[in-house]
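Commentary on secondary and tertiary structure
If you want the building blocks of each chain, they are given just below.
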Amino acid sequence: MTDDRRWMYRRRGPRGDYDDEFFNGLQQFFDFVYSRPGVHPNAEIRCPCSKCGNLPHHNRALVTDHLLRYGFMDAYSVWWAHGEILSNNVDPWFAASDVASSSNIEEHVNAADDFHHMVYDAFCPSEYDRHRNETEFAYENVGDAPNRHAQSFYDLLRASTIPLGPASNDQTLLGWLSYMLHTKAKNNISGVGYNEIIHGCRKLLSPEDQQKVPSNFYEAKKFMKNLGLGYVKIDACVNNCFLYYGDEAKSLIACPVCGEPRYKRCNSAQTRKKDRPRNSLWYLPIIPRLQRLYMSRKTAEHMTWHLKCRVDSEILIHPAQSAAWKHFDAVHPSFASDPRNVRLGLATDGFNPWGHSSRSYSCWPVFIVVYNLPPEMCMRPEFTFLTLVISGPKSPGKNIDVFLRPLIDDLKQLWSSGVETFDSFRKQNFTMRAMLMWTITDFPGYGMVSGWSTHGRLSCPYCMEMTRAFYLQNGRKISFFDCHRQFLPASHSYRMDTTQFLKGRCEFGPPPPRLDGHSVRLRVAALPDVLFGNPSVNQTIFGFGETHNWVKRSIFWELPYWEDNLIRHNLDVMHCEKNFFDNIIHTVMDDSSSKDNVKSRMDLPLYCDREELQLYYDRSGSLCKPNASYALNTDKKRCLCTWLKHVRFPDGFASNIARCVNLAELRLVGLKSHDCHIFMQRLIPIAFRGLLPDSIWGPLTEVSNFFRALCSPNVNIKDMAVWETKIVEIICKLERIFPPSFFDCMEHLAIHLPFEARIGGPVQFRWMYPIERQMHKLKQTIGNKNHVEASIVEAYILNEITEFCSRYFGADVETSWSKPPRNFSAVPLYRNTEFSIFACPGHPMGSHSQTRCLTAQEMKAAELYVLLNCREVDALLDIFDREVGVYMTPSDPHKARTRSFVTWFKDRVLNGHHEGNGVLQYLALGPSWTVNVYREEIFQDEEPPSTQSNEHSSNLASTECMDLHAEGATVVDLNENVNDDVDENASEGNDGYETRSDASGDSSETE
């Protein structure tokens, strides 16, 4: 601090009276403020006293009174809030770090210390208001002691400056504690394990330093807890019908709805334990967590990233470019005027903390997603805030609205009045507002949060009562068979087909209209009030299941802007894709979960004209089920399972699907959601090629291409509009193949997914994958299974603290922000090479196992791959394209390169037709016929190599075996024979060849 500003924190003299220097300084301060251009002499200005903290505006007389009574706020030697220009090396929060202080704070604080900065970032302005009210002692020697909140703030400040150990000049107590707790949370170390580590570490310290370090996990957590944002435990009725929330409900001892007692009484009258609530809700307030995103220097700048990407483009990479975002901006321009206002998403799902145990339990966490952040940060766990934990053992069902009350109240406050927040990037206070864009749930959860039941005939929330779904007489399930022809163009030939769909029926009707938010609000407003929780009262709304499927008026309609959202509740692509795939694979494999069962065949004569699939009695009187063309026989199932057993993927691309193959029973078991995702989008076109007739393989491949386009990180609006029409025709093709029982709601919902992608943007921001991973992490943190929810919340608060601290660690500490890539290698695999293709960093996994010779087919594939991916050949590749281009159609360049480029290149270089360096001469000689074989190798490339001809395989080149693959390719095995002839009859979007394992299983062939 400069000498002429030290008067700010010396307002009293030795006798306790006001110092003349302070009065002169006040005059200097007001002269500066009111001399600025545009400031009226009687204007109200921000009050910089320690109580107001530059938040409210007052007149000059009141500001003078506050400064005399409370003094200036801390760290305000630069009057940045009153127009003074900051120098490049001055931070307004730390400019006063060298002020005089009492013994409670170190006299000198290093303003460059990241952990000192971290403490200031952790305390938002609302915290400062509490601290500064009673903490004048920090700036002058008075007799008052700090309150509890202020004392924790100053303890953390002091810990950020206390050196730990004589040799640790740059290590402080706060930094060391942050690192130790971060290590515990990252590795999920138990409290006992942490205590043992601390006990060993303390032995290495001097007796003086041992007194500084908390001796166990409890003390460390207690010391660091003020960096967290805490939680509130709210009692709830055991029947989920009432929340003891608010001042009026705190004194109640029984539920006003059902009369159940609030507390579980203790058995002994002599015990000192308090009565325990029978049910509880854990609420982690969202407002301070959003404020911290702006308070922290590490995230404040990123919170307005969405403003950079909001350009008119047909390619969507972020929800900020979507029609839903732009429509809301147009309807609410005052909200859109400040890019710092926050857009949120809400996600929830239930999980069993005991996994697949027979014990039934359902715990429901609720998460908040922040969409202001860039794509690489938006869905990260650090910015997916846990905000509610709803206790089990049963799912809350439609009563989830009872538990959402605290969150909805905060969202209403964030919309109407906002909260005062400090933007550490722009160094200014502003009123932060927020809105909820949509919810993210699985399909049963969709019904819980929306109020529209997702069960029964009217389960589709888009078609609503206009659906054509019907009840199968024998299957006793709802079928959406032949519900999709109405979405086809009016002139489409399928509309007049009376044999392949419902027999004897033509389709002339238009598709059901999609209701806008206002229309839905009018319907919801007419619903009667529903009493939550009480199971003894019939809560069914008249007409349910016949004219509507409403079970309640959702609490989200209390948000004033809810009807202005184009998408209020998202259909989860993850679960839709998994259920769609499950129906396909079980029916094709004809296992016990097949949709084509005896009851399904009994329904066929009632609805379809497919005599070849109808049940019949043989001569012995036994009921027989004819084989269907879409079901594999035993030999084909064995071929498929054997191929899947030996399939190999690029490292980190997918899990080991081979573990799900049961060769003894010839079926697939235990496929996870991501396994289904990979199989649906990458393997179906290859796995079923040649096993199923083309008339069946083609539509299944189109389904695969549809989900692959839908899940693209870059959504093309025009392409989605095309898929919106095309998926209807694909579903109709499937209806001509599979029985009515195949088509449940999941197959039907696929026709609405392109609309949501076109309106809401990429599905990566709206599906359940990141939420499922979050719940998996929460499950791993459960230490006390008698108190599941409390254990989850306590672990989350600790993880929240350590994640916040980890942003301020040095580059030498591995955190979630600086974690190296999987199997990272910073050095090239081949150090002494002239070829750019071999200069990428990497390392072999496993030792050199054997040496073998290439086959002619492998040699051809290796030559082609190296030439097409080596930068030194790019110039000759352009010449080749120009020379042979006159003979090619637009679809032929890749095939021409595959068939002719290797021969053309050798002739051009070896016969002297091209003047080049020695590198081209070496390349023209081709790879060695003898290669070393490794189990696999890992490469880190900026961009995956391309073969220009959709070749994807393990390729052999030079004298080493390399596992290089095209983007998204299927690597069947390390040693793979490649045929460069691509099937010209492959359907659009298909890779064009089929991969199978040979009889020995040691190699595989790509045809």
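Higher on the page you've got the structure.
Residues numbered from 1 in each chain as written. Predicted model: local features only at pLDDT ≥ 70, side-chain atom pairs only at ≥ 80, totals over all residues. Heavy atoms only, no water.

Re the overall build of the protein
Inclusion rule: Strands are runs of DSSP state E lasting at least 2 residues, helices are runs of H or I lasting at least 4, and numbering of each runs from the N terminus. Exposure is judged per residue with a 1.4 Å probe applied to protein chains only, and the accessible area is read against the type maximum: over 50% gives exposed, under 20% gives buried, and values in between give partly exposed. By definition in these notes, contact holds between two residues if any of their heavy atoms fall within 4.5 Å. Surface accessibility in these figures is a Shrake-Rupley result with a 1.4 Å probe; residues are shielded only by whichever protein chains are displayed.
If you tally the helices and strands in the protein, you get 31 helices and 30 strands. Buried residues in the protein amount to 54% of all 1007 residues. If you take every contact in the protein between residues at least 6 apart in sequence, the share linking residues at least 24 apart comes to 67%. Here the protein displays about 44,800 Å² of accessible surface, and carbon together with sulfur accounts for 50% of that area.

Let's talk about the sheet that holds strand S16 (residues 569-570)
Keep this limit in mind: By this definition, two strands are paired if DSSP reports at least two bridges between them. Only C-alpha atoms enter the line fits that serve as axes; for helices the fit covers just the stretch in contact. Angles between N-to-C directions range over 0 to 180 degrees.
Reading across from one edge, S3-S6-S10-S9-S8-S13-S16 is the order of the seven strands in this open sheet, with mixed pairing throughout. Every interior strand has two partners, whereas the edge strands, strand S3 (232-235) and S16, have only one. As judged from the six bridges shared by strand S9 (residues 364-370) and strand S10 (residues 384-390), these two strands associate in the antiparallel manner. Bridging from a neighbouring strand, Ile368 pairs with Phe385 of S10. The sheet strands contacting helix H15 (residues 400-416) are S3, strand S6 (280-283), strand S8 (342-348), S9, S10 and strand S13 (434-440), and the helix crosses S10 at an angle near 140 degrees.

Things to note about the pairing of S10
Within S10, seven of the seven residues are buried, which leaves the element mostly enclosed by the surrounding structure. When S6 meets S10, the two strands line up antiparallel, connected through three bridges. The residue bridging Leu281 from the neighbouring strand is Ile390, located in S10.

Some words on the packing of helix H6 (residues 173-187) against helix H7 (residues 191-203)
The condition that has to hold: Crossing chirality is assigned from the near helix's rotation relative to the far helix, an anticlockwise turn below a right angle marking it left-handed and a clockwise turn marking it right-handed. Under the scheme applied, nonpolar residues are Ala, Val, Leu, Ile, Met, Phe, Trp, Tyr, Cys and Pro; charged residues are Asp, Glu, Lys and Arg; polar residues are all the others, including Gly.
One can describe the packing of H6 onto H7 by two numbers: an axis separation of 11 Å at closest approach and a directional angle of 145 degrees. In this structure, H6 crosses over H7, and the sense of that crossing is right-handed. In contact with Trp176, Leu177, Met180, Leu181 and Lys184 of H6, H7 contributes Gly191, Tyr194, Ile197, Ile198 and Cys201. Looking at the contact of H6 with H7 residue by residue, the class counts come to eight nonpolar, one polar and one charged.

Things to note about the environment of Ile686
Position of Ile686 relative to the elements: it lies in helix H21 (residues 673-687). When the C-alpha atoms of Ile686 and Trp697 are compared, they prove to be 9.7 Å apart, with 11 residues separating the residues in sequence.

Describing the pattern of salt bridges
Put simply, the rule reads: Think of a salt bridge as a Lys or Arg side-chain nitrogen and an Asp or Glu carboxyl oxygen that are within 4 Å of each other.
Considering all chains together, one arrives at 37 salt bridges under this definition. For Arg405, the salt bridge identified is with Glu558, shortest N-O distance 2.8 Å. Taken together, the residues span a long stretch of sequence, with Arg405 in helix H15 and Glu558 in the loop between helix H17 (517-525) and S16 at a distance of 153 residues. Taking relative accessible area as the criterion, Arg405 reaches 24% and is therefore assigned partly exposed. Judged by its relative accessible area of 34%, Glu558 falls in the partly exposed class. Ionic pairing is found between Asp635 and Arg638, a salt bridge with its closest N-O pair at 3.7 Å. Here the residue Asp635 and the residue Arg638 both occupy positions in helix H20 (residues 634-645), the gap between them amounting to three residues, near one helical turn. Judged by relative accessible area, which is 57%, Asp635 ranks as exposed. Note on Arg638: relative accessible area 41%, which makes it partly exposed.

Here's the deal with the nonpolar core
The condition that has to hold: Put simply, a nonpolar core is a bunch of buried Ala, Val, Leu, Ile, Met, Phe, Trp, Tyr and Cys residues held in one set by side-chain atoms that sit within 4.5 Å of each other.
By size, the foremost hydrophobic cluster in this structure holds 204 residues, and its most contacted members are Leu290, Tyr371, Leu404, Leu407, Phe556 and Phe688. Those residues within four positions of Tyr371 in sequence are excluded, and the remaining contacts are His318, Pro319, Trp325, Arg343, Leu344, Gly345, Cys378, Met379, Met437, Trp438, Ile440 and Phe765. Core analysis: the next-biggest nonpolar cluster, separate from the first, contains 24 residues, Trp7, Met8, Phe29 and Cys49 among them.

Notes on the pairing of strand S12 (residues 428-432)
Sheet topology places strand S11 (residues 419-423) next to S12; five bridges connect them, and they run antiparallel. Its bridge partner being in S12, Asp423 is matched across the sheet by Gln428. Here S11 folds back onto S12, and the loop between the two strands holds four residues, one of which, Lys427, carries a positive phi near 55 degrees.

Looking at the environment of Asn372
Operational definition: Definition of a polar contact: a pair of N or O atoms within 3.5 Å, with one able to donate and the other able to accept a hydrogen when the atoms are protein atoms, and with sequence-neighbouring residues admitted only if both atoms are side-chain atoms.
Take Asn372: it is sitting in the loop between S9 and helix H14 (375-378). With 28 residues separating them along the chain, Asn372 and Leu344 place their C-alpha atoms 8.1 Å apart. In this view, Asn372 contacts Tyr294, His302, Met303, Trp305, His306, Pro339, Arg340, Asn341, Val342 and Arg343; residues no more than four positions away in its chain are not counted. In this structure the side chain of Asn372 is engaged in a polar contact, spanning 3.2 Å, whose partner is the backbone oxygen of Met303. In this structure the side chain of Asn372 is engaged in a polar contact, spanning 2.9 Å, whose partner is the backbone oxygen of Asn341.

A few points about H15
Here is the rule: For a helix, the expected span equals 1.5 Å multiplied by the number of residues minus one. In this scheme, the bend at a residue equals the angle between the axes fitted to the seven residues that finish there and the seven that begin there.
The end-to-end C-alpha distance of H15 is 24 Å, a good match for the 24 Å that 17 residues give at a rise of 1.5 Å each. Pro406 marks the point of greatest bend in H15, at about 45 degrees. Every buried residue of H15 is listed here: Ile400, Asp401, Val402, Phe403, Leu404, Pro406, Leu407, Ile408, Asp410, Leu411, Leu414 and Trp415. Gly418 occupies a position one or two residues after H15 and carries a positive phi of about 75 degrees.

A look at the packing of helix H22 (residues 694-710) against helix H25 (residues 753-760)
Condition: Small angles under 35 degrees read as roughly parallel and large ones over 145 as roughly antiparallel, with 65 to 115 read as roughly perpendicular and the rest as oblique.
The interhelical angle for the contact between H22 and H25, taken along N-to-C directions, is 20 degrees, at an axis separation of 11 Å. By the criterion of interaxial angle, the relationship of H22 to H25 is roughly parallel. The interaxial crossing formed by H22 with H25 has left-handed handedness. Contacts between H22 and H25 involve Phe706, Phe707 and Leu710 on the former and, on the latter, Leu753, Pro754 and Ala757. Residues that form the contact of H22 with H25 fall into these classes: six nonpolar, no polar and no charged.

Some thoughts on unusual backbone geometry
In this chain, Gly392 is followed by Pro393 through a cis amide linkage whose omega measures 10 degrees. Tracing the backbone through its elements, the reader meets Pro393 in the loop between S10 and H15. In this structure, Asn188 is a non-glycine residue whose phi angle is positive, near 55 degrees. A positive phi is found at Asn240, a non-glycine position, where the angle reads about 60 degrees.

Concerning a nonpolar patch on the surface
Operational definition: The residues that make up patches have over 30% relative accessible area and no salt bridge, and they are joined within 9 Å when like-charged or within 5 Å when they are Val, Leu, Ile, Met, Phe, Trp or Tyr.
Together, Val598, Met602, Tyr617 and Leu623 make up an exposed nonpolar region whose accessible area comes to about 400 Å². Summarising the element assignment, Val598 is placed in helix H19 (residues 598-607). Take Val598: its relative accessible area is 41%, and that puts it in the partly exposed class.

Here's the deal with the packing of aromatic side chains
Heads up, the condition is: To pair, rings of Phe, Tyr and Trp, with the six-membered ring standing in for Trp, must have centres within 6.5 Å; the planes then decide the type, stacked if under 30 degrees apart, edge-to-face if over 60, and tilted in the middle. Remark: a charge is flagged as sitting over a ring if the NZ atom of Lys or the CZ atom of Arg is within 6 Å of the ring centre and within 35 degrees of the ring normal.
Per the stated rule, a full pass over the model turns up 39 aromatic pairs. Residues Tyr371 and Trp438 carry aromatic rings whose centres are separated by 5.5 Å and whose planes lie at 70 degrees to one another, so their mutual orientation is edge-to-face. Here Tyr371, found in the loop between S9 and H14, pairs with Trp438, found in strand S13; they are 67 residues apart in sequence, far enough to count as distant. For the pair Tyr371 and Trp438, one class covers both residues: buried. In textbook terms, an aromatic cluster arises when at least three aromatic residues are bridged by ring pairs, as seen for Trp7, Phe22, Phe29, Phe30, Phe32, Tyr34, Phe72 and Trp79. The side chain of Arg340 reaches across the aromatic face of Phe430, ending 4.1 Å from its centre. In this arrangement the basic side chain of Arg514 is found over the ring face of Phe755, its NZ or CZ atom lying 4.1 Å from the centre.

Looking at helix H1 (residues 20-34)
Stated formally: Regarding the arc, it is the one traced by the directions from the helix axis to the C-beta atoms.
Between its first and last C-alpha, H1 extends 21 Å over 15 residues, near the 21 Å set by a 1.5 Å rise per residue. Listed as buried for H1 are Phe22, Gly25, Leu26, Phe29, Phe30, Val33 and Tyr34. Down the axis of H1, the buried side of the element spans an arc of 155 degrees, and every buried residue falls inside it. For H1, exposure combined with an orientation more than 90 degrees from the buried face picks out Asp20 and Asn24.

Some words on the side chain of Ser424
Topologically, Ser424 is positioned in the loop between S11 and S12. Side-chain polar atoms of Ser424 contact the backbone oxygen of Ser296, separated by 3.3 Å. For Ser424, the residues in contact, after removing those within four places along its chain, are Tyr294, Met295, Ser296, Arg297 and Ala300.

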